[in-house]
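# Structural description and commentary
Spelled out from the first residue to the last, the chains are:
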Amino acid sequence: MRQAGLIAGAAATALVAAGAITYAVAGDEGSSGAVPSAESADAGFARDMAVHHQQAVEMSYVVRDRTDDEEVRRLAYDIAQTQANQRGMLLGWLDLWELPKVSSNPPMTWMGMGNTASGKDGALMPGMATNTEMKRLGSLSGERAEVFYLRLMTDHHKGGVHMAQACVRACGVGVEKRLARTMVEGQESEIALMAGMLEERGAAARP
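Read on for a plain summary of the structure. The shown structure was predicted, so the numbers you read here are calculated from the model rather than taken from an experiment.

Now for the pattern of salt bridges. Proximity of charged atoms lets side chains of opposite charge pair with each other. All chains considered together, the criterion is met by eight salt bridges. Close ionic contact of E70 with R73 constitutes a salt bridge, the shortest N to O distance being 3.9 Å. In this pair, E70 and R73 are both assigned in helix α3 (residues 70-96), three residues apart and thus about one turn of the helix distant. Residue R73 is classed as partly exposed on the basis of its relative accessible area of 23%. Note that E71 is salt-bridged to R201, the shortest N-O span being 3.7 Å.

Structure, rendered in structure tokens:
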């Protein structure tokens, strides 16, 4: 019954995402009605956060296979489902705006931070895990995997919150700004939750 409830919840979230995409095209309160340009904050945020979210989904599915702890598995499932649905919304907007999903500019250029992340070892934006860290996560198990995942995801969320806050300030499409606010609220709540989970395991987030 619990699994059925989780599946139903994910389906409902997907329907909400589809509705939000349609709403963004039909017209949006707080927007000028003009389609954003490829260089706009709206397009930049959609592109960058879609990439950022994809790694969070990957990390979450990796840790679900590396631990039997129900609390961590439930958190990982929730993060994977939420961020996969949000990623679909972001990519859907780019399609509807007929804008490219990739840019020749470095990530975060839209928020004046194009030189912040070097992309070294796969970490394209602040907060993202490196390829080495992703490989290590896949090699751990049990509590060691749980602690490493919670630390990686805490860093990941902090980077995501920073980007989402920039969209709240700079994006022009109202529905996208509201999604960004939702991301800030949700990920800050999960950061606090993960701090408690780390403490229960005798660990702490990375400085």
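With 24 residues, helix α2 (residues 41-64) extends 34 Å from end C-alpha to end C-alpha; this agrees with the ideal 34 Å at 1.5 Å per step. Along α2, 18 of the 24 residues are buried, which leaves the element largely enclosed by surrounding structure.

The topology assignment puts A46 in helix α2. On a C-alpha basis, the gap between A46 and G88 in space is 9.9 Å, while along the polypeptide they are 42 residues apart. Among residues more than four places away in sequence, those in contact with A46 are L90, L94 and E176.

About the thresholds
Residues numbered from 1 in each chain as written. Predicted model: local features only at pLDDT ≥ 70, side-chain atom pairs only at ≥ 80, totals over all residues. Heavy atoms only, no water. Salt bridge = Lys/Arg side-chain N within 4 Å of Asp/Glu carboxyl O. Helix = DSSP H or I, 4+ residues; strand = E, 2+ residues; numbered from the N terminus. Buried < 20%, exposed > 50% of the residue type's maximum accessible area, 1.4 Å probe, protein only. Expected span 1.5 Å × (residues − 1). Contact = heavy atoms within 4.5 Å.

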